Amino acid sequence: MQLFILRHGKAEPQLGNDAERALTESGRLQVAQVCEQRAEELSAVRALWASPFVRTQQTAGIVSTHLGLPVLTELLLIGDTNPQELLDKLQEQARETFPILLVSHQPLVGKLLNGLCCCGDQYPFGTASLACISAEVWAYGCAELDWLQHTG
């Protein structure tokens, strides 16, 4: 099974409520760019989950336009969630649901990628970075990194 993990695009500076931060124009372009660069791989995605924060909803909206999929808001995708809770939810999903694309934040995206692939902090996860990983079960150390795309 494949899982795609996307960090939101570049967002406005935090001046108040972090959940209300929007994407910058540069952030919107980053997300569109990664969608275009990985269009072939992303065409396999069957479900699109996103954190409820404004910037992740905006990021998922751009992805949704490219893929023609609805955005499912998932509270477990907030950045400070215990990754094991999300892994448990992924493990409960039917195989037919995959590939799933998760749109989330740091530190969650980094902990998921590096934990699933058992590689410490080897893989950085900048804004609009997109990873594709494969696994038979969603548990720490049980996945392989297929690729990691950074935007410039």
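In the block above lies the structure referred to throughout.
Conventions adopted
Residues numbered from 1 in each chain as written. Predicted model: local features only at pLDDT ≥ 70, side-chain atom pairs only at ≥ 80, totals over all residues. Heavy atoms only, no water. Pairing = 2+ DSSP bridges. Helix = DSSP H or I, 4+ residues; strand = E, 2+ residues; numbered from the N terminus. Axes fitted to C-alpha atoms, helices over the stretch in contact; angles between N-to-C directions. Contact = heavy atoms within 4.5 Å. Salt bridge = Lys/Arg side-chain N within 4 Å of Asp/Glu carboxyl O. Buried < 20%, exposed > 50% of the residue type's maximum accessible area, 1.4 Å probe, protein only. Left-handed = near helix turned anticlockwise from the far one by under 90°. Nonpolar A, V, L, I, M, F, W, Y, C, P; charged D, E, K, R; others polar.

A.B. asks: Explain the sheet that holds strand β1 (residues 2-7) to me, please; I cannot follow it from the model alone.
C.D. replies: The strands making up a sheet are joined through hydrogen bonds of the backbone, oriented either antiparallel or parallel. Spatial strand order, β3-β2-β4-β1-β5-β6: six strands in an open sheet with mixed pairing. Looking along the sheet, the strands with just one partner apiece sit at the ends: β3 (71-73) and β6 (143-149). Strand-to-strand twist in this sheet, taken as the mean axis angle between neighbours without regard to direction, amounts to 25 degrees. The pairing of strand β5 (residues 130-135) with β6 spans six bridges and is classified as antiparallel. Residue pairing in the sheet places C132 in a bridge with W147 of β6. Contacts from helix α3 (residues 54-67) reach β1, β2 (47-50), β3 and β4 (100-104), with the element oriented near 165 degrees to β2.

A.B. asks: Is there a simple way to explain the pattern of salt bridges in this structure?
C.D. replies: Side-chain pairs of opposite charge can arise whenever the charged atoms involved come near each other. Considering all chains together, one arrives at five salt bridges under this definition. Notably, a salt bridge pairs E74 with K89, separated by 2.8 Å at the nearest N-O pair. With E74 in the loop between β3 and α4 (83-92) and K89 in helix α4, this pair connects stretches of sequence that are 15 residues apart. On the basis of relative accessibility, which here comes to 12%, the residue E74 falls in the buried class. In this structure, E136 and R95 form a salt bridge, with 3.1 Å as the shortest nitrogen-oxygen distance. Separated by 41 residues along the polypeptide, E136 in the loop between β5 and β6 and R95 in the loop between α4 and β4 bring together distant segments of the chain. Note on E136: relative accessible area 53%, which makes it exposed. One network of salt bridges, with partners in common, ties together D18, R21 and R55.

A.B. asks: Looking at this structure, I do not really get unusual backbone geometry. What am I missing?
C.D. replies: Of the consecutive residues F98 and P99, the connecting peptide bond is found in the cis state with omega at 0 degrees. Mapped onto the elements of the fold, P99 is located in the loop between α4 and β4. In this model, Q106 is joined to P107 through a cis peptide bond whose omega is 5 degrees. Residues other than glycine seldom take positive phi values, yet A128 does so here, at roughly 60 degrees. Residue position: A128 is located in the loop between α5 (108-116) and β5. You can call A128 buried: its relative accessible area is 0%.

A.B. asks: How do you make sense of the side chain of T59 when you look at a structure like this?
C.D. replies: With respect to the element layout, T59 can be found in helix α3. Ignoring anything within four residues of it in the chain, the contact list for T59 reads L6, H8, G9, L23, V31 and V103.

A.B. asks: Explain the packing of helix α1 (residues 25-37) against α3 here, please?
C.D. replies: When two helices pack together, their arrangement is given by the angle between the helix axes and the distance between those axes. For the pair α1 and α3, interaxial distance at closest approach is 10 Å and the crossing angle is 35 degrees. α3 is crossed by α1, and the crossing has right-handed handedness. Every residue of α3 that contacts α1 at R28, V31, A32, C35 and E36 is listed here: Q58, T59, I62, V63 and H66. Partitioned by chemical class, the residues of the contact of α1 with α3 number five nonpolar, three polar and two charged.

A.B. asks: I tried to follow the pairing of β4 on my own but got confused; where do I start?
C.D. replies: Every other side chain in a regular strand lies on the same face of the sheet, so the side chains alternate between the two faces. The buried fraction of β4 amounts to five of the five residues, a majority that puts the element mostly inside the structure. Burial along β4 is two-sided: the residues I100, L102 and S104 and L101 and V103 are all buried. Taken together, the five bridges between β1 and β4 define a ladder with parallel strand orientation. Bridge assignment links I5 to a residue of β4, and that residue is L102. The pairing of β2 with β4 spans four bridges and is classified as parallel. Each bridged residue has a counterpart across the sheet, and for L48 the counterpart in β4 is L101.

This is a description of form; function is not addressed.
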